[in-house]
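Residues per chain, in single letters:
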Amino acid sequence: MKYNTLGTSGFEVSEIALGCMSLPEDPKQAGAIIDEAMDNGVTYFDTADFYGKGKNEEIVGGALGNRRKDIILASKVGNEWSEDSDEVQWNPTKAYIKEQIHNSLRRLKTDYLDLYQLHGGMISDNSEETIEAFEELKKEGLIRAYGISSIRPNVIRRFLNNSEIASIMMQYSLLDRRPEELLPEIGQAGRSVVARGSLAKGLLTAEGFTRAEKMGDYLQYGSNQLTDTLKKLTAIHDNIHALALHSVLSDNTVAAAATGASSPKQLRETLQAYQQLVSTQQIEEAKKATRLDRYEQHRD
């Protein structure tokens, strides 16, 4: 496992992170996945208070037990949910963030987070208030660094220019290369990207063709174009899973790929793919075979 410094945070994270949203609710099953991750050098675990209305954080906290000091733990805030309904409100206010950190810490059974991320963001938000909240949490020792999870160029640039964010989590894969227009800007600012969705809902795994049949379209790919693209990618490398991971990780701005797993077997497949060799030429060919789209919205 390779480890990279996460932006301006000063700490290192494993290139393969465990995105915890897919963990089973059964504590034993979830614990087996976290054990598998740690046994294979994964040190970076990412959750959110929104996942399962806090249940996911509880599962992660319980599974980590006394190993908290051995890992980098990240969570997210901003989605205010109702206990009694499916209603969710966006709340990036200072008061809400500073209240919710204590709930996340309690559920995760820890007294600090390594990384606390704003789980979204809009240009209409009072970002100064949001940034102030994160900065105060750093001074109070409740978080070590903060970041955002966003695919909106205008929001990303606002935080790049006006805050000390360490990282930006973005959906980035061979089938969604929109972040590439922002990677140089983010890297030059000394920040890192954490890629999510790098396997494109399983399309970029051994089950890709089966999933494509069920899914039909994916983003800007129509069903026929999607199938044709998967064929081209499998002709470039015999393990499309490996090609997908290394293509995303090939840019120095990307510190880690956060991949989900609902079983130890699924995680092992990702870790085995990560260990496979993928050449620079194969990555270049993969990019020639895929679309390079731009973000059409939230630019100004």
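Look a little higher up for the structure.
Residues numbered from 1 in each chain as written. Predicted model: local features only at pLDDT ≥ 70, side-chain atom pairs only at ≥ 80, totals over all residues. Heavy atoms only, no water.

Novice: Any chance you could explain the overall build of the protein here in plain terms?
Specialist: A count of helical and extended segments in the protein gives eleven helices and twelve strands. Here the protein has a C-alpha radius of gyration of 19 Å; the compact-globule value for 300 residues is 19 Å, and the two agree. Principal-axis analysis of the C-alpha atoms places the extent of the protein at approximately 50 × 45 × 40 Å. Across the 300 residues of the protein, 56% fall into the buried class. Sequence separation of at least 24 residues holds for 74% of the intrachain contacts in the protein that already meet a minimum separation of 6. When the accessible surface of the protein is totalled, it reaches about 13500 Å², and 44% of it is carbon and sulfur. Of note, the protein has its 35 positive side-chain charges centred 2 Å away from the centre of its 44 negative side-chain charges. (Helix = DSSP H or I, 4+ residues; strand = E, 2+ residues; numbered from the N terminus. Rg over C-alpha atoms; globule rule 2.2 N^0.38 Å. Buried < 20%, exposed > 50% of the residue type's maximum accessible area, 1.4 Å probe, protein only. Contact = heavy atoms within 4.5 Å. Areas by Shrake-Rupley, 256 points an atom, 1.4 Å probe, with all protein chains shown as cover. Lys, Arg positive; Asp, Glu negative; His and termini not counted. Charge placed at Lys NZ, Arg CZ, Asp CG, Glu CD.)

Novice: Looking at this model, I keep getting lost on helix 9 (residues 240–249). Mind explaining?
Specialist: Most of helix 9 sits out of view: ten of its ten residues are buried. Among the residues making up helix 9, those that are buried are I240, H241, A242, L243, A244, L245, H246, S247, V248 and L249. Check the buried side of helix 9 and you find it contacts strand 3 (16–19), strand 11 (192–196), helix 8 (223–236), strand 12 (254–260), helix 10 (264–275) and helix 11 (280–288). The opening residue of helix 9, the one whose side-chain oxygen lies 3.0 Å from the backbone nitrogen of H241, is N239. (Polar contact = N/O pair within 3.5 Å; in protein donor to acceptor, adjacent residues only side chain to side chain.)

Novice: How do you make sense of the pattern of salt bridges when you look at a structure like this?
Specialist: Where charged atoms from two side chains of opposite charge approach closely, those side chains can pair. Tallying each qualifying case throughout the model produces 19 salt bridges. Two residues, K76 and D46, come together in a salt bridge whose shortest N-O distance is 2.5 Å. Linking K76 in strand 5 (residues 72–77) with D46 in strand 4 (residues 44–46), this pair joins segments that are 30 residues apart in sequence. The exposure class assigned to K76 is buried, which follows from its relative accessible area of 0%. We note a salt bridge from D176 to R178, for which the minimum N-O separation is 2.8 Å. (Salt bridge = Lys/Arg side-chain N within 4 Å of Asp/Glu carboxyl O.)

Novice: How should I be thinking about helix 1 (residues 27–39) in this particular structure?
Specialist: An α-helix turns once per 3.6 residues; consequently, residues spaced three or four apart project the same way. Taking 1.5 Å per residue, 13 residues should reach 18 Å; helix 1 reaches 18 Å between its end C-alpha atoms and fits that length. Residues of helix 1 that are buried include every one of A30, G31, I33, I34, E36, A37 and M38, and no others. On the buried face of helix 1, the contacting elements are strand 3, strand 4, helix 2 (55–64) and helix 10. After helix 1 finishes, the residue G41 shows a positive phi value of roughly 90 degrees. (Expected span 1.5 Å × (residues − 1).)

Novice: Help me understand the nonpolar core, please; the structure alone is not making it clear to me.
Specialist: Nonpolar side chains in soluble globular proteins tend to end up buried together. Counting residues in hydrophobic clusters, the biggest one holds 79 residues, and the most contacted among them are L18, F45, Y116, L204 and L233. Of all the elements, helix 9 adds the most residues to this core, at seven residues. Beyond its immediate stretch of four places on either side in the chain, F45 contacts L18, C20, I34, A37, M38, I71, I72, L73 and A74. Counting residues in hydrophobic clusters, the runner-up holds 15 residues, among them L6, V13, A145 and A255. (Core = buried A, V, L, I, M, F, W, Y, C linked by side-chain atoms within 4.5 Å.)

Novice: Looking at this structure, I do not really get the environment of E87. What am I missing?
Specialist: Note that E87 resides in the loop between strand 6 (79–81) and strand 7 (88–90). When its relative accessible area of 48% is taken as the criterion, E87 is described as partly exposed. For the pair E87 and A206, spaced 119 residues apart in sequence, the C-alpha to C-alpha distance is 36 Å. Here E87 is in contact with E80, W81 and S82, once residues within four sequence places are set aside.

Novice: What am I meant to see in the packing of aromatic side chains here?
Specialist: Scanning the entire structure with this criterion turns up two aromatic pairs. Measuring from centroid to centroid gives 5.8 Å for Y116 and F134, while their planes differ by 85 degrees, and the two rings are edge-to-face. With Y116 in strand 8 (residues 113–118) and F134 in helix 4 (residues 127–139), the pair connects residues that are 18 residues apart, well separated along the chain. Comparing Y116 with F134, the two get one shared label, buried. Taking 5.0 Å as the distance between ring centres and 5 degrees as the angle between the ring planes, the aromatic pair formed by F134 and Y146 counts as stacked. Here F134 is found in helix 4, whereas its partner Y146 is found in strand 9 (residues 143–149), with twelve residues between them in sequence. When sorted by exposure, F134 lands in the same class as Y146, which is buried. Through successive ring pairs, a cluster of aromatic residues spans Y116, F134 and Y146. Its guanidinium or amino end placed over the ring of Y112, R68 lies 4.1 Å from that ring's centre, counting from NZ or CZ. Over the face of the ring belonging to Y221 we find R291, whose NZ or CZ atom lies 5.9 Å from the ring centre. (Phe/Tyr/Trp six-rings, centres within 6.5 Å; stacked < 30°, edge-to-face > 60°. Lys NZ or Arg CZ within 6 Å of the ring centre and 35° of its normal.)

Novice: Sorry if this is basic, but what is going on with the side chain of H246 here?
Specialist: Within the secondary structure layout, H246 lies in helix 9. Within the structure, H246 has its side chain in polar contact with the backbone oxygen of Q276 (distance 3.2 Å). Setting aside residues no more than four positions away along its own chain, H246 makes contact with A273, Y274, Q276, V278 and I283.

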